[in-house]
Amino acid sequence: MKNLLQIPAASPQKIFDLRESAFAQDLFITAVSYFDFFNRLNKSPSGIDAICDSLGIKKRPADVMLTLFKAYGFIREKAGMFYLTDTAKNYLVKDAGFDLTSYVDSLKNRPICEDMKKVLRTGKPANWAAAKEGKDWAASMEDDSFAESFTAGMNSRGAYLASGLACVLDLTGYHNLLDIGGASGIYAAILVQKNPHLHAAVFEKPPVDKVAGYTARKLNLSNKIDVTAGDMFRDDLPKGFDVHFISHVLHDWDIKEVKTVLTNSFRNINSGGMIIIHDAHINKAKTGPVSAAEYSVLLMFLSEGKCYSVTEMKNLLEETGFKEISYKPTILNRSIITAKK
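Procedures and definitions
- Residues numbered from 1 in each chain as written.
- Predicted model: local features only at pLDDT ≥ 70, side-chain atom pairs only at ≥ 80, totals over all residues.
- Heavy atoms only, no water.
- Helix = DSSP H or I, 4+ residues; strand = E, 2+ residues; numbered from the N terminus.
- Buried < 20%, exposed > 50% of the residue type's maximum accessible area, 1.4 Å probe, protein only.
- Contact = heavy atoms within 4.5 Å.
- Salt bridge = Lys/Arg side-chain N within 4 Å of Asp/Glu carboxyl O.
- Phe/Tyr/Trp six-rings, centres within 6.5 Å; stacked < 30°, edge-to-face > 60°.
- Lys NZ or Arg CZ within 6 Å of the ring centre and 35° of its normal.

A.B. asks: I'd love a proper account of the environment of threonine 228, names of residues and values included.
C.D. replies: Following the sequence through the fold, threonine 228 ends up in strand β5 (residues 225–229). Given a relative accessible area of 29%, threonine 228 falls into the partly exposed group. Between the alpha carbons of threonine 228 and phenylalanine 241 there is a distance of 13 Å; along the sequence they are 13 residues apart. The residues contacting threonine 228, other than those within four sequence positions of it, are Val202, Phe203 and Glu204.

A.B. asks: Describe the pattern of salt bridges, naming the residues involved and giving the relevant values.
C.D. replies: Taken as a whole and assessed by the stated rule, the structure comprises 15 salt bridges. When the shortest N-O distance is used, the salt bridge between lysine 70 and glutamate 77 registers 2.6 Å. Take lysine 70: its relative accessible area is 9%, and that puts it in the buried class. What makes glutamate 77 partly exposed here is its relative accessible area of 39%. For the salt bridge of arginine 267 with aspartate 236, the shortest nitrogen-to-oxygen distance reads 2.8 Å. You can see arginine 267 sitting in helix α13 (residues 255–268) and its partner aspartate 236 sitting in the loop between β5 and β6 (243–247), a full 31 residues away along the chain. Of the residues examined, arginine 267 reaches a relative accessible area of 44% and is grouped as partly exposed. Each of Asp63, Lys286, Lys306 and Glu312 takes part in one network of salt bridges that share partners.

A.B. asks: Just give me the short version of the packing of aromatic side chains, but keep the residues and values in it.
C.D. replies: Taken as a whole, this structure holds 14 aromatic pairs when the rule is applied. Ring geometry for phenylalanine 37 versus phenylalanine 38: centroids 4.9 Å apart, planes at 85°, classification edge-to-face. An identical accessibility class is assigned to phenylalanine 37 and phenylalanine 38; each is buried. Here the aromatic cluster, defined as three or more aromatic residues joined through ring pairs, consists of Phe28, Phe37, Phe38, Phe69, Tyr72 and Phe74. Note that lysine 341 overlies the ring of phenylalanine 266, its terminal NZ or CZ placed 5.2 Å from the centroid.

The following block contains the structure:
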C-alpha cells in the first residue's frame, strides 16, 4: 500500500498561490475601471449595504471584494464602515498627485473583467473557469467526464494537504469517520492510514462516489473505507459516526446551503461526536491572509461560495448547536475548525 503520509520536502506553496489567486487581479481591475470603487469610497465612506446599493452589486461578491482590499491594505474597516488607507488615497484616487488608476485602467478590456462585472452585479457564478458556452461548477459536476477530471485534480491537491492535516489532528478515542462530500476519498484514505483504529466512509453524489470507490481499491483500503451515495442537501447523513469531516466543501456554497449541511451533520452525528471543517479560512478581522482572500475571489467567481472567516464559521456552528469550537492551522494557509455535539 502506498504511504500517503510521506510528502516531498519541497513546498508547492507557489503553485497553490498561482492557481488560487487567478481571478484576484481581475476583481481589482474591474473595481477600479468599471465601478470607480476607490473614488466613490473616498468621497463617501460607507458600510457594505450602502456600497452594494451605490455600486449595484450583490452582498456575497461585495464581501469578498472588501475582504480582498483590506488584505491588500487598500481599505480599512471601523465599526462596520469602510475607509481608504493612505496607500489608496495616494495612488487610487483621481485627484491624487500619483494617481495610478489610468495605469490599471489600461487592462480593463481583459475578457475576464466583463465576466467579473456580471458576477458582482448578479451574485451568480461565471461559467466554469470562464470558458465560453460553459457551465458553472455545480452544473459541470453533473457531467461524468468533467467530474472525474476535476476530482483527479482535487485528489492531487488533497494528497498534500491531508498529510499536513493528519499531523495536527488527534482522532484518539474516535472510531467511525464520515467524509462528507469527500470527492475522491483521498482525505479518508490518509486519515485511516494515520489512525489504524479508524474506519471511514465517503458520502458523495454520483458519479463522484465511483471515484471514491476506485481510490479505496487502488490503495488497498476497501476494508477500511466504505462509499455511500447521497446528496448532503437532500438526504439525511448516515448515522453511527462519531466524526464528521468536511474538507473544501462548504466554501463552494452560500450561507443558506452551509447551514443546511451543518444542520444535517448535527442531527445525525453521534452524541459527543466531533465535526471537523478543513479549509482556507479568513481571519477573525477579515483582513487576510492575502492568499485566502485571493482564493475567496476564485470561489466567488466560479461557485456560489467564498472563503468563510473563522468568526463566520464559529457563528454558524453555534447557531446549529455545536459547542467547544476551536481553530488550528495546518499547512499552506489551511486550517481546521472543530466543534462537538
